[in-house]
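Next come the chains, spelled out residue by residue.
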Amino acid sequence: MTIRLGDIAPNFTAKTTEGEIDFHQYLGDSWGILFSHPADYTPVCTTELGKTAQLKDEFAKRNVKVLAVSVDPLDKHEGWVKDINETQHTTVTFPIIADVDRNVATLYDMIHPNASETFTVRSLFVIGPDKKVKLSITYPASTGRNFVEVLRVIDSLQLTAKYSVATPADWKHGEDVIVVPAVSTADAEKKFPKGLKIVKPYLRYTPQPDLQ
Ligand code: BEZ
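Residues numbered from 1 in each chain as written. Predicted model: local features only at pLDDT ≥ 70, side-chain atom pairs only at ≥ 80, totals over all residues. Heavy atoms only, no water.

1. Focus: the overall build of the protein chain
The helix and strand tally for the protein chain stands at seven helices and eleven strands. Its C-alpha atoms give the protein chain principal-axis dimensions of about 60 × 35 × 30 Å. A burial count over the protein chain gives 45% of its 212 residues as buried. When contacts within the protein chain are restricted to residue pairs at least 6 apart in sequence, those whose partners lie at least 24 apart make up 65%. (Helix = DSSP H or I, 4+ residues; strand = E, 2+ residues; numbered from the N terminus. Buried < 20%, exposed > 50% of the residue type's maximum accessible area, 1.4 Å probe, protein only. Contact = heavy atoms within 4.5 Å.)

Written out as structure tokens, the structure is:
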């Protein structure tokens, strides 16, 4: 099934390292990340899950719940988590789905047969509190994802959700944001009391609104 931005993230129940999970119940009112890795006991995946565990406080700060998935069984996940904790100097506390029947992989189109018939590629979905898909990225097995970039996108998505702003190329937390075209300059002047920098009528910046 192809999943597009704005679609409701398909719900499922699955066995995980933290017990049986109903995905939508697990997310509750939080934001969520569902991400697949090709296989347990592989080097790039070990670093990815380790990095995600290391960023636990950053995800918590943004009210984001994390859920990993691969088609390996639960006992394999449990043994591998010990290795991740040891080698990446962290503690994995988020659940990892044992998607042995490929139910989740199929629902989220995580197996790309021309890349691998058997393993999931590196898919990642960010899901909003409304259960809609806000970001979808796909990386090949050989390239580990940049989880700091994922946090950056979540910062942007959360600003957009709260303040009707967008973020420019290479934006980082603390930098000026863009007033979306749907907001008139007259309204923007009221909405963004820190002021506007109008470069062109369609290119208007304001300081990041949630900062003092
Ligand atoms: C890895 O995680 O290192 C990996 C997994 C599958 C294919 C290539 C690399």
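Having seen it, we continue.
2. So, the sheet that holds strand β8 (residues 165-166)
Ordered in space as β8-β9-β11-β10, the four strands form an open sheet in which the pairing is antiparallel. Two strands bound the open sheet, and with one partner strand each, they are β8 and β10 (197-200). When strand β9 (residues 177-179) meets strand β11 (residues 203-206), the two strands line up antiparallel, connected through two bridges. Bridged to V177 within β11 is T206. (Pairing = 2+ DSSP bridges.)

3. Some details on the pairing of strand β3 (residues 31-36)
Of all six residues making up β3, six are buried, and the element is well covered by its neighbours. With burial as the criterion, each face of β3 is covered, one bearing W31, I33 and F35 and the other bearing G32, L34 and S36. Direction of pairing for β3 relative to strand β4 (residues 64-70): parallel, over a ladder of six bridges. Counted as the bridge partner of G32 is K65 from β4. Note that β3 and strand β6 (residues 122-127) share four bridges and pair antiparallel. When the sheet's bridge partners are listed, I33 is paired in β6 with V126.

4. A few points about the packing of aromatic side chains
Enumeration over the complete set of coordinates arrives at six aromatic pairs. On the basis of an interplanar angle of 10° and a centroid distance of 4.7 Å, the ring pair of F12 and F23 is categorised as stacked. Taken together, the positions of F12 in the segment before β1 (13-16) and F23 in helix α1 (residues 23-27) put the pair eleven residues apart, joining distant regions of the chain. According to the relative accessible area criterion, F23 is buried, its value standing at 0%. (Phe/Tyr/Trp six-rings, centres within 6.5 Å; stacked < 30°, edge-to-face > 60°.)

5. Examining the site of the ligand
Taken together, the residues surrounding the ligand are P38, T42, P43, V44, C45, R122 and A141. Contacts to the ligand include P43, whose backbone N or O atom sits 3.3 Å from an oxygen atom. With the chains in place, 73% of the 260 Å² that the ligand exposes on its own is no longer accessible. No other element matches helix α2 (residues 43-54), which puts three residues into the shell around the ligand. Across the shell around the ligand, the residue classes tally to five nonpolar, one polar and one charged. (Near = heavy atom within 4 Å. Polar contact = N/O pair within 3.5 Å; in protein donor to acceptor, adjacent residues only side chain to side chain. Areas by Shrake-Rupley, 256 points an atom, 1.4 Å probe, with all protein chains shown as cover. Nonpolar A, V, L, I, M, F, W, Y, C, P; charged D, E, K, R; others polar.)

6. Describing helix α6 (residues 147-163)
Look at α6: 24 Å from first C-alpha to last across 17 residues, which is about the 24 Å you get at 1.5 Å a residue. Three or more residues of α6 are buried, namely F147, V150, L151, V153, I154, D155, S156, L157 and L159. A side-chain oxygen of the first residue of α6 lies 3.0 Å from the backbone nitrogen of V148; this N-cap is N146. A positive phi of about 55° marks S164, the residue just after α6. (Expected span 1.5 Å × (residues − 1).)

7. Topic: unusual backbone geometry
For Y41, which is not glycine, the phi dihedral falls at a positive 55°. With respect to the helices and strands, Y41 occurs in the loop between β3 and α2. Overall, the relative accessible area of 43% leaves Y41 in the partly exposed class. With phi around 60°, R102 is a residue other than glycine that occupies positive phi space. Take R102: it is sitting in the loop between β5 (96-98) and α5 (103-107).

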